[in-house]
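# Fold and geometry: a report
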Amino acid sequence: MALSIFEYDDYLEYLEAYAASLPKRGYGFRSQIARELNCQTAYVTQVFKRQAHFSLDQAEIINRICRHDAMSADYFLLMVLLARAQTEELRRRWRKQMD
């Protein structure tokens, strides 16, 4: 069964599931992200440990890495916006668009 991005509302949970669906269970996926983002692997690790978030520009590059179609790419950006939101009002706005 194919992985559906629309089953997730947390972009990190989605990326972990996406990596697990890759050959070799995604070995090297975080390194690939770091290379494509032109950043340190340690930063990507911080994001996956929920100590930081990807920017929207970085999320767009990840859309390319994951080969998302237009609708999936928009949804992925909304998940990043949701994670970065600081107020419940803004989280409600992004969740409504995701629905």
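For the structure, check the block above.
As a starting point, this report considers the structure included with it. (Residues numbered from 1 in each chain as written. Predicted model: local features only at pLDDT ≥ 70, side-chain atom pairs only at ≥ 80, totals over all residues. Heavy atoms only, no water.)

Before going further, it helps to spend a moment on the overall build of the chain. A count of helices and strands for the chain gives six helices and zero strands. Put simply, the chain runs from its N terminus to its C terminus through helices and strands in the order α-α-α-α-α-α. For 99 residues, the compact-globule estimate of 2.2 N^0.38 gives 13 Å, and the C-alpha radius of gyration of the chain, at 13 Å, lies within 12% of that figure. When the backbone C-alpha atoms are referred to their principal axes, the chain occupies close to 40 × 30 × 20 Å. The buried share of the chain, taken over its 99 residues, is 39%. For the chain, long-range pairs separated by at least 24 residues make up 48% of all intrachain contacts whose partners lie at least 6 apart in sequence. Distance between charge centres in the chain, computed from 14 positive and 13 negative side chains, equals 6 Å. (Helix = DSSP H or I, 4+ residues; strand = E, 2+ residues; numbered from the N terminus. Rg over C-alpha atoms; globule rule 2.2 N^0.38 Å. Buried < 20%, exposed > 50% of the residue type's maximum accessible area, 1.4 Å probe, protein only. Contact = heavy atoms within 4.5 Å. Lys, Arg positive; Asp, Glu negative; His and termini not counted. Charge placed at Lys NZ, Arg CZ, Asp CG, Glu CD.)

Here we come to the pattern of salt bridges. By the definition in use, this model includes four salt bridges. A salt bridge links Glu-36 to Arg-64; its shortest N-O distance comes to 3.1 Å. In this pair, Glu-36 is assigned in helix H2 (residues 29–37) and Arg-64 in helix H4 (residues 56–65), connecting sequence segments 28 residues apart. For Glu-88, the salt bridge identified is with Arg-95, shortest N-O distance 3.7 Å. Linked by salt bridges that have partners in common, Glu-88, Arg-91 and Arg-95 make up one network. (Salt bridge = Lys/Arg side-chain N within 4 Å of Asp/Glu carboxyl O.)

This brings us to H4. Restricting attention to buried positions, one finds in H4 the residues Gln-58, Ala-59, Ile-62, Asn-63 and Ile-65. The buried residues of H4 occupy one face: seen down the axis, they fall within an arc of 155 degrees. Turned more than 90 degrees away from the buried face of H4, the exposed residues are Asp-57 and Arg-64. For H4, the elements touching its buried residues are helix H1 (11–21), H2, helix H3 (41–48) and helix H5 (70–84). Arg-67 occupies a position one or two residues after H4 and carries a positive phi of about 55 degrees. (Arc of directions from axis to C-beta.)

So, on to the packing of H2 against H3. One can describe the packing of H2 onto H3 by two numbers: an axis separation of 8 Å at closest approach and a directional angle of 120 degrees. Judged on the interaxial angle alone, H3 and H2 are oblique. For the element pair H2 and H3, the recorded crossing hand is right-handed. Counting all contacts with H2, which are made through Arg-30, Ser-31, Ile-33 and Ala-34, the residues of H3 involved are Thr-41, Val-44, Thr-45 and Phe-48. For the contact of H2 with H3, the class distribution of residues is four nonpolar, three polar and one charged. (Axes fitted to C-alpha atoms, helices over the stretch in contact; angles between N-to-C directions. Parallel < 35°, antiparallel > 145°, perpendicular 65-115°, else oblique. Left-handed = near helix turned anticlockwise from the far one by under 90°. Nonpolar A, V, L, I, M, F, W, Y, C, P; charged D, E, K, R; others polar.)

With that settled, the discussion passes to the packing of H4 against H5. Two numbers describe how H4 lies on H5: the axes approach to 10 Å, and their chain directions differ by 145 degrees. Between H4 and H5 the crossing geometry is right-handed. Contacts between H4 and H5 involve Leu-56, Ala-59, Glu-60, Ile-62 and Asn-63 from the former and Ser-72, Ala-73, Phe-76, Leu-77, Val-80 and Leu-81 from the latter. The residue inventory of the contact of H4 with H5, partitioned by class, reads eight nonpolar, two polar and one charged.

By themselves, these observations are geometric and do not establish any function.
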